[in-house]
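Residues per chain, in single letters:
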Amino acid sequence: SVRSRISSGVAGRALVASGDLPAAGEAFTKALKIEPKYMAARVQLAVAMGLQPNGFDQASSALDEILRARPAFQQVLEGFAHHRFAVRAGDLTQVL
């Protein structure tokens, strides 16, 4: 249901903020199982992957897949750049 998908997405964002990246990934994956076209969860899953040690390449691949599916989804690139700079600056609050 829409409520379950949104609930899982919100839980994922909260888990990223708390630093529990594996659990955040599970929440975003759950949201995607409910609604595979839920782009916000797909992008946030990629960001959560990118925050994990050695996860940047996997995150980049996930974002490339999003762009192949939706080439006009320019906000993905902008959001990814924003998250990347925030993470490099150590500001995990900007990941949400």
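Cut-offs applied
Residues numbered from 1 in each chain as written. Predicted model: local features only at pLDDT ≥ 70, side-chain atom pairs only at ≥ 80, totals over all residues. Heavy atoms only, no water. Core = buried A, V, L, I, M, F, W, Y, C linked by side-chain atoms within 4.5 Å. Buried < 20%, exposed > 50% of the residue type's maximum accessible area, 1.4 Å probe, protein only. Helix = DSSP H or I, 4+ residues; strand = E, 2+ residues; numbered from the N terminus. Axes fitted to C-alpha atoms, helices over the stretch in contact; angles between N-to-C directions. Parallel < 35°, antiparallel > 145°, perpendicular 65-115°, else oblique. Left-handed = near helix turned anticlockwise from the far one by under 90°. Contact = heavy atoms within 4.5 Å. Nonpolar A, V, L, I, M, F, W, Y, C, P; charged D, E, K, R; others polar. pLDDT = per-residue confidence, 0-100.

### What to know about the nonpolar core
Counting 21 residues, the largest nonpolar core has V16, F28, A41, M49 and I66 as its most contacted members. Within the residue set of this core, elements represented by two or more residues are α2 (21–34), α3 (39–51) and α4 (56–69). Element by element, the count of residues in this core is highest for α3, at 9 residues.

### With respect to the packing of α3 against α4
Following both chains from N to C, one finds α3 and α4 inclined at 160°, their axes separated by 7 Å at the closest point. On the basis of their axis angle, the class for α3 and α4 is roughly antiparallel. The interaxial crossing formed by α3 with α4 has left-handed handedness. Contacts between α3 and α4 pair M39, R42, V43, A46, M49 and G50 from the former with F56, Q58, A59, A62, L63, E65 and I66 from the latter. A breakdown of the residues in the contact of α3 with α4 according to their chemical character gives 9 nonpolar, 2 polar and 2 charged.

### Some remarks on the confidence of the model for the chain
Overall, the prediction assigns the chain a mean pLDDT of 79, with 75% of residues at 70 or greater. Per-element averaging of pLDDT across the chain places helix α5 (residues 74–88) at the bottom with 66 and α2 at the top with 90.

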